[in-house]
Structure formats: structure tokens, C-alpha cells
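Coordinate inspection notes
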Amino acid sequence: MRKMFICGNWKMNTTAAEAVRLLDGLKPAAAAAPAVEVGACPPFVYLAGASAALKGSAIALGAQNMYFEASGAFTGEISASMLTDVGCKYVILGHSERRHVFGEGDELINKKVRAAFAAGLIPILCVGELLEERESGNTEAVVKRHVTEGLRGLAASDAARIVIAYEPVWAIGTGKTATPEQANDVHVFIRGLLAELYDVETASAIRIQYGGSVKPDNTFDLMSLPEVDGALVGGASLKVDSFSQIIKEAARACS
Ligand code: PGA
């Protein structure tokens, strides 16, 4: 049974004080929705403070990126073990902003995925097509490449624990959400691909989130889809009210 997972991706936002206020504000909604796993991914510099603020709560902490090497002369980078050291359970990898603003490719992302597992972190692997890729009929080819290359070399026991976030790039931060039908088609495709890459049992254990302009008023319809196991939420995760409402709607969808 896959537990619904609603995770906030704060991107490059908040101050230290806002981060703590936001996390404190989310606790009641998270506590009231035991059927939903709630997570938050603040910027690196606020992770330690966030971890302290979350002590005793069920909200999981995640980071937004990491480097694959364990330590050494990699100025400006953060390792997987540093993230577990400050209390992270998850790390977002291959987000479209990493792919398209910072030029990260599938091979690098795969190295990060494997390093994350080796250090005891669970990756949230983001996959998804650009608008021109959708319009030229290449959605499945792009998603297939992101998933296949992202998981390359992973044993089924690790793969079963990964979270995949399907985020059509044209829906991120644009206010354009994929319709439930568009999201469902790609989620079904990913589940089938995972069964081909591994087996049906492994595929059915993997949580596949949807991401891209998830808001309180579209959460219920998206989260009610049988193959959608949660959401990766950007903009709407930065306000206590909207993220709490999303958690509530997700709980309603899986009740
Ligand atoms: P958005 O971002 O909810 O602001 O569209 C989602 C994401 O980038 O993960």
C-alpha cells in the first residue's frame, strides 16, 4: 500500500525565521492527516534549523539537491551524508530547474540517485517534458529517458523506495496544471515502465507524485487518480494556509 506523500519544495525562498514559522504552522494539518506523509524541502542553509523545529513532529525533512561525491575538494557542494547528518530523509534530484537552468544531465542525476541511496537518503527523482516536447509528441520518450537513466544500476530493493515526481515543465510555476487525464496518462505510463525495468511488485511499491502548479483547488481531483501518490508542491507550499489546505484535500482524496 503506497502512502500518499505531499512534499513542499521551497526552492530559493524564505528566511531562517520564516522557515521555522512555516514549519510550525504546518504541524496541525500534518498531525490531522495521518494517512498522508508530509515533507518539506527548505534551502540548505535552513535545514539544521528546520530539523530542530521538526523534532517530535511527523513532518519529514528533505533537501533540494546534493552532489554525488562523499567529501573532498568540491567547493560549494553538499554531500548526501551531510544531509542525513542534519536530519534529512529525502533529497529532490533532477528537478527541472536543475536540468534546465543548471544544465544537469541524466548521467549526473543517476550518480546522485545512487549516492543518495548509499548514504541512506531517499531521492525524489523529478522527471517531465518541456512544452515543445509535449507538443511534438515526445512526452513518453522524454519521461522514459529520465526514468530509465535516473534509475540505472539501482537494485529493485532501492528502486522500490524511490519517489518519482512527474512534473511537466510547462506546468511548473506557470499556473497551468496538467489536467487529471494528462497526469494520469503519464503516471500509468511510468508505472508500466517501472514494471518493465523491474517487476510488477517493485513498480507497485514506488510512489509517483505529480508536480506543477498544485493548489488547494486542484489537489482533490489530482490526488484522487489511482496512479497519483502525492504531490511535489512549489509556490503553494510557501504559505501555511495553502499548504495546510493541500494536505487536507490530499487526506480527503485518500480517505
Ligand atoms: P510549482 O512548482 O508548484 O510552483 O509549480 C513545483 C515544483 O517545481 O516542484
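Here is a short report on the structure shown in this document.

Thresholds applied
- Here the residue numbers are simple positions, counted from 1 along each chain's written sequence.
- Where local features are concerned, this predicted model is filtered to residues with pLDDT of at least 70; where side-chain atom pairs are given and counted, the filter is 80 or more; whole-chain, interface and lining totals use all residues.
- Note: side-chain values were computed over all heavy atoms of the structure, leaving out hydrogens and water.
- For this analysis, a nonpolar core means a set of buried residues of the types Ala, Val, Leu, Ile, Met, Phe, Trp, Tyr and Cys, connected via side-chain atoms within 4.5 Å.
- Relative accessible area decides the class of each residue, using a 1.4 Å probe on protein chains only: under 20% of the type maximum gives buried, over 50% gives exposed, and in between gives partly exposed.
- Only heavy atoms matter for contacts: two residues are in contact if any of them lie within 4.5 Å across the pair.
- By definition, any uninterrupted DSSP run of H or I lasting at least four residues is a helix, any uninterrupted run of E lasting at least two residues is a strand, and each is numbered from the N terminus.

**A closer look at the nonpolar core**
Within the largest apolar cluster, 69 residues are counted, with the highest numbers of intra-cluster contacts made by I6 and I190. Other than its neighbours up to four places away in sequence, I6 contacts V36, E37, V38, G39, M223, G230, A231, V233, F243, I246, I247 and A250. Listed in part, the 12 residues of the second largest apolar core include C41, I92, I124 and A165.

**A few points about unusual backbone geometry**
We note that T14 has phi near 85°; this positive angle belongs to a residue other than glycine. Mapped onto the elements, T14 comes out in the loop between β1 (4–9) and α1 (16–31). With phi around 55°, S213 is a residue other than glycine that occupies positive phi space. Of note, S213 is situated in the loop between β7 (207–211) and α11 (216–223). For S213, a relative accessible area of 14% corresponds to the buried category.

**Points about the side chain of H95**
Relative to the helices and strands, H95 resides in the loop between β4 (90–93) and α4 (96–100). Contact partners of H95, with chain neighbours within four places excluded, come to N9, K11, C126, E167 and I172.

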